[in-house]
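# What the coordinates show
Here is how the chains run, residue by residue.
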Amino acid sequence: MLRYTLKRLAIMPLLLWGIVTIAFFLSHSISSNPLASIVGTRNLGNADVVAAATQRWGLDKSLLQQYLIYIGNLLHGDLGTSFRTKEPVASDLSSRLPATLELALFALIIAVVLGIVLGVVAARNNGRVLDGGLRTLALVGSSTPVFWVALLLLFVFYARLGIAAGPGRLSSRVDPPPYVTGMYTLDSLLAGNLPLFTDALSHLILPSIVMALPLLGTIIRMVRAQVLEEQSSDFVRTARAKGMTPSQVMNRHVVKNAITPVITVVGISVGMLIMGAVMVETIFTWNGIGTYAVEASRSLDFPAITGVCLVGGVIFLVSNLVTDIAYAIIDPRVRL
């Protein structure tokens, strides 16, 4: 396993270089001029300002020269400076990423815990009304557009019933906790501020549910199918013949084997949750990496776009590596 892990880690720089290269040339292939976001639309008619900005941001160089300069800076840990915020891209990403990670983590917990529990319940009630209801929930969760669910939940639970927190990470007039990790729930606990923790947690509920629904539906259907398959296996019949109760068979043998394939789905979904948070963050005014990517795309902020792609590539590669290792640990039959 150690050799496999080292091989995967060794090939990561090459894969990230490919991701950065594709992102760089794709973003620069757009025919629109990014100077509008650099100098502002009012100064576009000022030749001196435009010339100075073009030279300052290296836009007067050829595309290949810009690429080589970017790669050279990247090797020294410099992701460039954002056209829009005028701040280092690394600084922008580090300030936005914790918000997205917090949201994705809560969504993942909801999807995995509820998905496994409801999948097992559906399998144990196979063919009954409860099974049909859960299968319908799984189908709706997997197929309903995220933006539609987000708007519906906001309208019903926030605007109409008033029982859920609205958009944003905190209520208005509430100051964020002292920065430690950038995750408001964790930082508020570290500061010992329970009311602030409750407020931050309440704002996580709706966007987390919206993000979790597609993955929740997938896990319910997968666990249900795996449990039904495992229940007819020879080792399960053997366990029953030895006198084990149905609960013991289910908990010690069936569920353990049924959730193993879920690990693969969860591992792949981590990257998709984090980098696919664009729609949810936009609707819920969540100041994370998703909204940062949208703002960067709107303003043709090339360094920011490439930086977001680089972070996304790292997240996908690391999550896949962790998934493979976890799979081998849980199922010793798998040899890496």
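With 98% of its residues at a pLDDT of 70 or more, the protein chain shows a mean pLDDT of 86. By mean pLDDT, the top-scoring element of the protein chain is helix 8 (residues 184–190) (93), and the lowest-scoring one is helix 2 (residues 35–39) (73).

We now examine the layout of surface pockets. In this model, the largest pocket occupies a volume close to 380 Å³. Taken together, 18 residues form the lining of the largest pocket, with Trp57, Ile69, Tyr70, Asn73 and Pro303 sitting closest to its centre. Secondary structure elements with two or more residues in the lining of the largest pocket: helix 1 (2–28), helix 4 (63–75) and helix 15 (302–330). Sort the elements by how many residues they give to the lining of the largest pocket and helix 4 lands first, with four residues. Of the residues in the lining of the largest pocket, the class split is eight nonpolar, seven polar and three charged. By volume, the second largest pocket amounts to about 240 Å³. Lining the second largest pocket are Val146, Val210, Met211, Pro214, Leu215, Thr218, Ser269, Met272, Leu273, Gly276 and Val280. The set of elements that each furnish at least two residues to the lining of the second largest pocket consists of helix 9 (194–231) and helix 12 (260–275). In terms of residue count, the dominant contributor to the lining of the second largest pocket is helix 9 (five residues). By residue class, the composition of the lining of the second largest pocket is eight nonpolar, three polar and no charged.

About the thresholds
- Residues numbered from 1 in each chain as written.
- Predicted model: local features only at pLDDT ≥ 70, side-chain atom pairs only at ≥ 80, totals over all residues.
- Heavy atoms only, no water.
- pLDDT = per-residue confidence, 0-100.
- Helix = DSSP H or I, 4+ residues; strand = E, 2+ residues; numbered from the N terminus.
- 1 Å grid on protein atoms, 1.4 Å probe; cavity = no way out; pocket = protein on both sides within 12 Å on 5 of 7 lines; lining within 4 Å.
- Points joined across faces, edges and corners; volume = space filled by probe spheres on them.
- Nonpolar A, V, L, I, M, F, W, Y, C, P; charged D, E, K, R; others polar.

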